[in-house]
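Chain and residue survey
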Amino acid sequence: MVPLANARRSGAAGWTQEKRKAFANDLTHPQLLAVSAASNRSKGDQGPDEWQPPSKPSWSPTPGPGCR
């Protein structure tokens, strides 16, 4: 899961507008998930290298599509 602000800082700022729009609206590998307000505040716009969900079973063993 890569927040849009984090993606922009990590190189997406150099993408075309069409590529950024495709990334933000990707339904195959969505970047938006419904979470609790506390989780949302805890994560902010940190990337997967800076934040992991508090529930360890939800951690992904491999980088997802946003970590290319």
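Residues numbered from 1 in each chain as written. Predicted model: local features only at pLDDT ≥ 70, side-chain atom pairs only at ≥ 80, totals over all residues. Heavy atoms only, no water.

Looking at the overall build of the protein
Which entries qualify depends on this criterion: The numbering of helices and of strands both runs from the N terminus, where a helix is a DSSP run of H or I of at least 4 residues and a strand a run of E of at least 2. Each residue's exposure class comes from its accessible area (1.4 Å probe, protein chains only) as a fraction of the maximum for that residue type: buried when under 20%, exposed when over 50%, partly exposed otherwise.
Each helix and strand counted, the protein has three helices and zero strands in total. Counting from the amino terminus, helix and strand elements in the protein follow one another as α-α-α. Counting all 68 residues of the protein, 15% fall into the buried class.

Regarding the confidence of the model for the protein
Stated formally: For every residue, the pLDDT score states the predictor's confidence, bounded by 0 at the bottom and 100 at the top.
Mean pLDDT over the protein works out to 77, with 76% of the residues at or above the 70 mark. When pLDDT is averaged over each element of the protein, helix α2 (residues 17-24) comes out on top at 92 and helix α3 (residues 37-43) at the bottom at 80.

Considerations on the packing of aromatic side chains
Keep this limit in mind: In summary, the pairing rule links any two rings of Phe, Tyr or Trp, Trp by its six-membered ring, whose centres are within 6.5 Å, and it sorts them by plane angle into stacked for under 30 degrees, edge-to-face for over 60 and tilted for everything else. Geometrically, a charge over a ring is one whose NZ (Lys) or CZ (Arg) sits within 6 Å of the ring centre while staying within 35 degrees of the ring normal.
Summed over the entire model, instances satisfying the criterion amount to one aromatic pair. Aromatic pair W15 and F23: ring centres 5.5 Å apart, planes at 75°, arrangement edge-to-face. For W15, a relative accessible area of 28% gives the class partly exposed. Taking NZ or CZ as reference, K19 lies 4.8 Å from the ring centre of W15, over its face.

A word on a nonpolar patch on the surface
Note the following rule: Surface patches are drawn from residues lacking salt bridges whose relative accessible area is over 30%; two like charges belong together within 9 Å, two nonpolar side chains (Val, Leu, Ile, Met, Phe, Trp, Tyr) within 5 Å. Using a 1.4 Å probe, accessible areas were evaluated by the Shrake-Rupley method; residue-level cover was limited to the displayed protein chains. One speaks of a salt bridge when a side-chain nitrogen belonging to Lys or Arg is within 4 Å of a carboxyl oxygen belonging to Asp or Glu.
Taken together, the side chains of M1, L33 and V35 make up a nonpolar region of the molecular surface, amounting to roughly 290 Å² of accessible area. You can see V35 is positioned in the loop between α2 and α3.

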